[in-house]
Amino acid sequence: METKSNTKQAATTAKKELVIQRVFNLPLHKVWQAWTEPESYKKWWGPYDFTCPSATIDFRTGGKYLSCMRSSKGEEFWSTGVYKEIILNKKIVMSDNFSDAEGNIVAASAYNMPGEWPKELLITVSFEEADGATKMKLKHIGTPDEVYDECIKGWNESFDKLEKNIN
């Protein structure tokens with residue numbers, strides 16, 4: 001028999017896996033390029049009131065990325081990670097960490113982010129061509145409950161910018 005505390009724990013654990021599916025009215029190679037080429041990435045990365053002034057991408061298995069989201073107030077949020085798996089035009093798996101501008105991993109608390117964050121998060125993005133459009137599925141594992149809804153909103157706003165700014 002499941003107790004209330006077991007139910008709450010299961011809900012908390014399940015919530016740490018964020019999944020978003022989108023269909024972009026863009027060809028697959030354009031959506032792939034948006035994730036893999038720094039100049040394209042900078043056009044869409046971050047929620048509506050953020051820009052991406054810096055992005056470096058060493059797009060190969062074992063390669064690293066480093067990017068900055070800058071708020072309209074000038075606050076900068078850096079992130080870095082390592083590409084763990086790449087299947088051309090199909091799948092990208094990468095780690096995700098908060099970092100400083102030099103790519104050194106820092107705790108989420110350095111950016112005043114609430115919640116218990118794992119040592120590293122994992123992002124898996126899969127792509128599928130669909131009659132000239134692109135189906136994309138994002139899975140982001142490790143997001144704490146305290147920021148879960150905000151992360152979904154941020155990802156979706158970023159994807160809105162991707163659709164609008166990539167051509």
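A brief report on the enclosed structure follows.

Rules of the game
- Residues numbered from 1 in each chain as written.
- Predicted model: local features only at pLDDT ≥ 70, side-chain atom pairs only at ≥ 80, totals over all residues.
- Heavy atoms only, no water.
- Helix = DSSP H or I, 4+ residues; strand = E, 2+ residues; numbered from the N terminus.
- Buried < 20%, exposed > 50% of the residue type's maximum accessible area, 1.4 Å probe, protein only.
- Contact = heavy atoms within 4.5 Å.
- Polar contact = N/O pair within 3.5 Å; in protein donor to acceptor, adjacent residues only side chain to side chain.
- Pairing = 2+ DSSP bridges.
- Axes fitted to C-alpha atoms, helices over the stretch in contact; angles between N-to-C directions.

### Some thoughts on the environment of R22
Note on placement: R22 falls in strand 1 (residues 17-24). On the basis of relative accessibility, which here comes to 17%, the residue R22 falls in the buried class. Separated by 38 residues in sequence, R22 and R60 have C-alpha atoms that sit 25 Å apart. If we skip the residues at most four places from it in the chain, R22 touches T134, K135, M136, N156, F159 and D160. In terms of polar contacts, R22 uses its side chain to reach the side chain of N156, at 3.0 Å.

### Focus on the sheet that holds strand 1
Here seven strands make up an open sheet; going across it, the order is 1-7-6-5-4-3-2 and the pairing antiparallel. Of all strands in the sheet, those with a lone pairing partner are strand 1 and strand 2 (50-57), marking the two edges. Ignoring which end each strand starts from, the neighbouring axes of this sheet average 20° apart. As paired strands, strand 6 (residues 121-130) and strand 7 (residues 133-141) are joined by nine bridges and run antiparallel to one another. Pairing of T124 across the sheet is with K139, part of strand 7. Packed onto the sheet, helix 2 (residues 28-36) meets strand 1, strand 2, strand 4 (76-87), strand 5 (91-99), strand 6 and strand 7 and runs at close to 160° relative to strand 6.

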